[in-house]
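# Close look at the chain arrangement
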Amino acid sequence: SQQGEEDPQALSIQEGENATMNCSYKTSINNLQWYRQNSGRGLVHLILIRSNEREKHSGRLRVTLDTSKKSSSLLITASRAADTASYFCATTDSGNTPLVFGKGTRLSVIA
Amino acid sequence: DTAVSQTPKYLVTQMGNDKSIKCEQNLGHDTMYWYKQDSKKFLKIMFSYNNKELIINETVPNRFSPKSPDKAHLNLHINSLELGDSAVYFCASSQVKSGNAGYTFGSGTRLTVV
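A brief structural summary. Just so you know, the residues in each chain are numbered from 1, in the order the chain's sequence is written. Lettering for chains starts from A, numbering for ligands starts from 1, and both go in the order in which the items are written. Given that the model is predicted, a residue must reach a pLDDT of at least 70 before its local features are reported, and side-chain atom pairs must reach 80 or more before they are shown or counted; all residues, however, enter totals for whole chains, interfaces and linings. Excluded from the side-chain calculation are hydrogens and water; included are all heavy atoms of the structure.

With that settled, the discussion passes to the side chain of Thr105 of chain A. All names here are of chain A. On the secondary structure map, Thr105 appears in strand β11 (residues 105-110). What qualifies as a polar contact is a pair of N or O atoms within 3.5 Å, subject to a donor-acceptor requirement within protein and to the restriction that residues adjacent in sequence count only when both atoms come from side chains. Separated by 2.5 Å, the side chain of Thr105 and the backbone oxygen of Pro8 make a polar contact. Contacts were defined at the residue level, with two residues in contact if any of their heavy atoms lie within 4.5 Å. Excluding anything up to four places from it in sequence, Thr105 contacts Glu6, Asp7, Pro8, Gln9, Leu11, Met21, Ala85, Ser86 and Tyr87. Labels follow the DSSP assignment, with helices taken as runs of H or I lasting at least four residues and strands as runs of E lasting at least two, numbered in each case from the N terminus.

As a measure of interface size, the accessible area lost when the parts come together is often cited. Each side of the interface is counted separately: chain A has 22 residues, and chain B has 22 residues. The quantity reported as buried area is the accessible area (1.4 Å probe) lost by two parts once they are put together, taken as the sum for both. Between chain A and chain B lies a buried interface of about 1700 Å² when both sides are counted; carbon and sulfur atoms form 56% of it. The interface formed by chain A and chain B contains 5 residue pairs in polar contact (both at pLDDT 80 or more). Looking at the side of chain A that touches chain B, the elements with two or more residues in it are β4 (31-37), β5 (43-50) and β9 (85-92) of chain A. Each residue gets one of three labels, nonpolar for Ala, Val, Leu, Ile, Met, Phe, Trp, Tyr, Cys and Pro, charged for Asp, Glu, Lys and Arg, and polar for the others, Gly among them. The class makeup of the residues in the side of chain A that touches chain B is 7 nonpolar, 12 polar and 3 charged.

So, about the packing of aromatic side chains. Pairing of aromatic side chains here covers Phe, Tyr and the six-membered ring of Trp, requires ring centres within 6.5 Å, and sorts the geometry by plane angle: under 30 degrees stacked, over 60 edge-to-face, intermediate tilted. Under the criterion given, the structure shown has 11 aromatic pairs over all chains. Taking 5.5 Å as the distance between ring centres and 90 degrees as the angle between the ring planes, the aromatic pair formed by Phe101 of chain A and Tyr35 of chain B counts as edge-to-face. On the criterion of chain membership, the pair formed by Phe101 of chain A in strand β10 (residues 100-101) and Tyr35 of chain B in strand β4 (residues 31-37) is interchain, its members lying in two chains. Across the pair, Tyr35 of chain B and Phe101 of chain A agree in class, each one buried. Judged by centre distance (6.4 Å) and plane angle (45 degrees), the ring pair of Tyr33 of chain B and Tyr35 of chain B falls under tilted. Remark: exposure states derive from per-residue accessible area (1.4 Å probe, protein chains only) relative to the maximum for the residue type, with buried under 20%, exposed over 50%, and partly exposed in between. Taking the relative accessible area as the measure of exposure, Tyr35 of chain B reaches 0% and is therefore buried.

Here we come to a positive patch on the surface. A patch consists of residues whose relative accessible area exceeds 30% and which take part in no salt bridge; residues with like charges are grouped when within 9 Å of each other, and nonpolar side chains (Val, Leu, Ile, Met, Phe, Trp, Tyr) when within 5 Å. Throughout, the Shrake-Rupley method with a 1.4 Å probe supplies accessible areas, and for residues the shown protein chains are the sole cover considered. Here a salt bridge means any side-chain nitrogen of Lys or Arg lying within 4 Å of a carboxyl oxygen belonging to Asp or Glu. Positive charges come from Lys and Arg alone, negative charges from Asp and Glu alone, with His and the N- and C-terminal ends not counted. Where a charge sits is defined by one atom per residue type, namely NZ (Lys), CZ (Arg), CG (Asp) or CD (Glu). Taken together, Arg41 and Arg106 of chain A together with Lys9, Lys41 and Arg110 of chain B make up a surface patch of like positive charges. The topology assignment puts Lys41 of chain B in the loop between β4 and β5 (43-50). Since its relative accessible area comes to 34%, Lys41 of chain B is described here as partly exposed.

What follows covers the state of the cysteines. All names here are of chain A. We call a pair of cysteine sulfur atoms a disulfide when they lie within 2.5 Å. Taken as a whole and judged by the stated rule, the model has 2 disulfides over all chains. Between the sulfur of Cys23 and that of Cys89 lies a disulfide, 2.0 Å long from S to S. The sign of the S-S torsion, about 65 degrees, decides the handedness of the disulfide formed by Cys23 and Cys89: right-handed. One end of the pair, Cys23, is in strand β3 (residues 19-24); the other, Cys89, is in strand β9, with 66 residues separating them in the sequence. Take Cys89: its relative accessible area is 0%, and that puts it in the buried class.

In structure tokens, the structure reads:
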């Protein structure tokens, strides 16, 4: 069953602007991960944040996690045309379960 | 030096045929997965294998049969293909069982059933 729900479904911004995508989930989690998928390609792992962490950074990416609200956000700063892709959040509980993915946010960065 | 490789990349076949998709990873990961991505980009887990043993088998028709000859390979065989099987199938692997580590995905196999 689908766990994560990204918001917005689609986002269009100008190069240099920041992009924020949100993910809400339903049940308790062990960790939450963000992935990027370029058109016609496989998914690429971006960042993993554990349930006891609140914020994580990786280059131009910043991820926050609020377990009380069952939500996470992905911020991409100073966006580039190459950031154009679909972004997915994925979660797993503490059991023996594979990642469950949301529907994704389609980001378009216009040069 | 591709980490997770799938073949073929594209597969067009007629209804009723049987086809296989192969997946290999050279990362030394213990766990491998098959996901199906539909036309709306929704990704759904199909199977999960840890060290050649089936862990997860989601509600998938028994026309789909995974086979793992060793922990570096996880192939997917599909019998009696139906129009609804058309999708992109992704193989993935991870270092640790379940989701406690990032997954490495293959580039996908686009299956079209006509």
